[in-house]
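# Breakdown of the fold
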Amino acid sequence: MFDGLKEKLDSFRSDVEESTESEAEAGPESETPEGAEPVPESEAAAESSETAADDTPAATDEAADGDSPGRLQRAKAFATGKVVLEEEDLEDPLWNLEMALLESDVEMGVAEAILDQIRSNLVGETKSQMASTGDLVEDALRDALLEVISVGQFDFDERIAAAEKPVTIVFTGVNGVGKTTTIAKMARYLEERGYSSVLANGDTYRAGANEQIREHAEALGKRLIAHEQGGDPAAVIYDGVEYAEANDVDVVLGDTAGRLHTSSDLMAQLEKIDRVVAPDLTLFVDEAVAGQDAVERAQQFDDAAEIDGAVLTKADADSQGGAAISVAYVTGKPVLFLGTGQGYDDLDRFDPESLVDDLVG
Ligand SMILES: Nc1nc2c(ncn2[C@@H]2O[C@H](COP(=O)(O)OP(=O)(O)OP(=O)(O)O)[C@@H](O)[C@H]2O)c(=O)[nH]1
């Protein structure tokens, strides 16, 4: 999962290492004024970096000459056996990283937010020449990714536990992205945590939709509430809620017909479901592999019938990771689950920290 992106992030680390190591090898000649001898590391180590830097004639001369604080800082740092990461060292690696993120289908605003965060974390960072630049870069990358990926995160299990029962969850999204399969996986997920569920087929639009979801319901031993094709989806899900109330069922899982966000009739139908059923959670389902299209659709579905979070399916087939990285930042709603295969157990809670560990670690 997301292997292509992982490789690209790894290249950023080596890019910065190369760029700063060539600076370190070049030493401060180009930066240090004539006559300023670099202090050997052993001597410099005896002094604190502040004291050593302030006492260095090069430093005073430079300040007096009105040279840039960057040059001054670099000369100081060299005198104390340290290297400062400067914006110019990062320029090429950051540009390469931006290209890599865009190639991985990360939304442009999100890529920029990541870059800004890395720049502000790394520029001016002082590292010992002995320490690994890779570690600094890794930390900056980790912080930046976590910041965008974690937007809006909440604990799904806690939300279900705390909600008054029955909890109604409605699944929305375009055709064929894996909504029905995700509902079946969710029924299994909930069962493993001790919750009963009933499936309600709000996809009254597509021929064969009842049969498809019935197969899942039977395989999982769950009750299915369905109406004839052409019926009112809001009424089916409402019936599901009534069934759950009457039978002490914990969760109603409501399917909806796949629809294009451009179809205003069908989007109006979603608004009606929202009004009539007032679901506790509306989850937008899309394919991780759809990249920026998934991000754009999440935004549009959120506008029509506010979503509480997203499920990205087919993450097992996605090497890019663009949608997983971008959806939360763009919509303000978290990715809550990843679909990782066709089996009922292939639904993983989306955990930003472990995803970032996996991408950067
Ligand atoms: N590899 C993989 N395949 C998946 C995943 N989730 C769903 N699928 C497959 O995607 C296909 C479409 O899934 P459905 O659940 O029928 O999609 P849908 O969104 O309900 O489709 P419509 O009812 O037409 O809107 C099926 O073949 C699923 O097995 C996943 O996480 N990984």
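Residues numbered from 1 in each chain as written. Predicted model: local features only at pLDDT ≥ 70, side-chain atom pairs only at ≥ 80, totals over all residues. Heavy atoms only, no water.

The protein has the name Signal recognition particle receptor FtsY in an unreviewed UniProt entry, where Haloplanus litoreus is given as its organism. What UniProt states about the protein under its Subunit (unreviewed entry) heading is, verbatim, "Part of the signal recognition particle protein translocation system, which is composed of SRP and FtsY." (UniProt positions renumbered as here; feature names shortened; annotations may be inferred.)

### A closer look at the environment of Gln300
Here Gln300 lies in helix α14 (residues 292–304). A relative accessible area of 27% places Gln300 in the partly exposed class. (Helix = DSSP H or I, 4+ residues; strand = E, 2+ residues; numbered from the N terminus. Buried < 20%, exposed > 50% of the residue type's maximum accessible area, 1.4 Å probe, protein only.)

### Let's talk about the site of the ligand
Around the ligand, a shell composed of 19 residues is seen, among which Thr180, Thr181, Gln212, Asp316 and Gln342 lie nearest. For the ligand, an oxygen atom lies 2.7 Å from a polar atom in the side chain of Gln212. Contact distances for the ligand include 2.8 Å between a nitrogen atom and a side-chain N or O atom of Asp316. Per element, the largest residue contribution to the shell around the ligand is four residues, and it comes from helix α10 (residues 179–192). Residue classes in the shell around the ligand are distributed as one nonpolar, twelve polar and six charged. (Near = heavy atom within 4 Å. Polar contact = N/O pair within 3.5 Å; in protein donor to acceptor, adjacent residues only side chain to side chain. Nonpolar A, V, L, I, M, F, W, Y, C, P; charged D, E, K, R; others polar.)

### Remarks on the packing of helix α7 (residues 108–122) against helix α8 (residues 133–149)
Closest axis-to-axis distance for the α7/α8 pair is 9 Å, and the angle between their directions is 140°. When the axis of α7 is compared with that of α8, the two are oblique. Taken as a pair, α7 and α8 cross one another with a handedness that is right-handed. Contacts from Val110, Ala113, Ile114, Gln117, Ile118, Asn121 and Leu122 of α7 reach α8 at Leu136, Val137, Ala140, Leu141, Asp143, Ala144, Leu145, Glu147 and Val148. Its residues assigned to classes, the contact of α7 with α8 shows twelve nonpolar, two polar and two charged. (Axes fitted to C-alpha atoms, helices over the stretch in contact; angles between N-to-C directions. Parallel < 35°, antiparallel > 145°, perpendicular 65-115°, else oblique. Left-handed = near helix turned anticlockwise from the far one by under 90°. Contact = heavy atoms within 4.5 Å.)

### Digging into the UniProt feature "domain: SRP54-type proteins GTP-binding" (unreviewed entry) in the protein
Taken from the UniProt record, the annotation "domain: SRP54-type proteins GTP-binding" (unreviewed entry) applies to residues 334–347. The distance separating the terminal C-alpha atoms of residues 334–347 is 16 Å; by composition the span is 0% helix and 43% strand.

### Quick look at empty space enclosed by the protein
One pass over the structure, following the stated rule, counts two cavities of 30 Å³ or more. There is about 30 Å³ of room inside the second largest cavity. Lining of the second largest cavity is provided by Val170, Thr172, Leu270, Ile273, Asp274, Thr282 and Ala305. If you list the elements that add at least two residues to the lining of the second largest cavity, you get β3 (167–172) and α13 (264–277). (1 Å grid on protein atoms, 1.4 Å probe; cavity = no way out; pocket = protein on both sides within 12 Å on 5 of 7 lines; lining within 4 Å. Points joined across faces, edges and corners; volume = space filled by probe spheres on them.)

### Topic: the packing of α10 against helix α11 (residues 209–220)
With their axes 10 Å apart at the nearest point, α10 and α11 run at an angle of 20° to one another. Relative to α11, the element α10 is oriented roughly parallel. Of the two possible hands of crossing, α10 and α11 adopt the one that is right-handed. Packed against α10, whose contacting residues are Thr180, Thr181, Ala184, Ala187, Arg188 and Glu191, the element α11 presents Gln212, Ile213, His216 and Leu220 at the interface.

### Comments concerning a negative patch on the surface
Residues Glu164, Asp239, Glu242, Glu245 and Asp280 make up a contiguous surface patch of negative charge. Of the residues examined, Asp280 reaches a relative accessible area of 36% and is grouped as partly exposed. (Patch = residues over 30% accessible without salt bridge, like charges linked within 9 Å, V, L, I, M, F, W, Y side chains within 5 Å. Areas by Shrake-Rupley, 256 points an atom, 1.4 Å probe, with all protein chains shown as cover. Salt bridge = Lys/Arg side-chain N within 4 Å of Asp/Glu carboxyl O. Lys, Arg positive; Asp, Glu negative; His and termini not counted. Charge placed at Lys NZ, Arg CZ, Asp CG, Glu CD.)

### A closer look at the pairing of strand β6 (residues 251–256)
With six of six residues buried, β6 is to be regarded as a mostly interior element. Judged by which residues are buried, β6 turns out to be covered on both faces: Val251, Leu253 and Asp255 on one side and Val252, Gly254 and Thr256 on the other are all buried. Pairing between β3 and β6: four bridges, direction parallel. Paired with Thr168 across the strands is Val252, a residue of β6. Here strand β4 (residues 197–202) pairs with β6 via six bridges, running parallel. By the bridge assignment for β6, Ala200 is matched with Gly254. (Pairing = 2+ DSSP bridges.)

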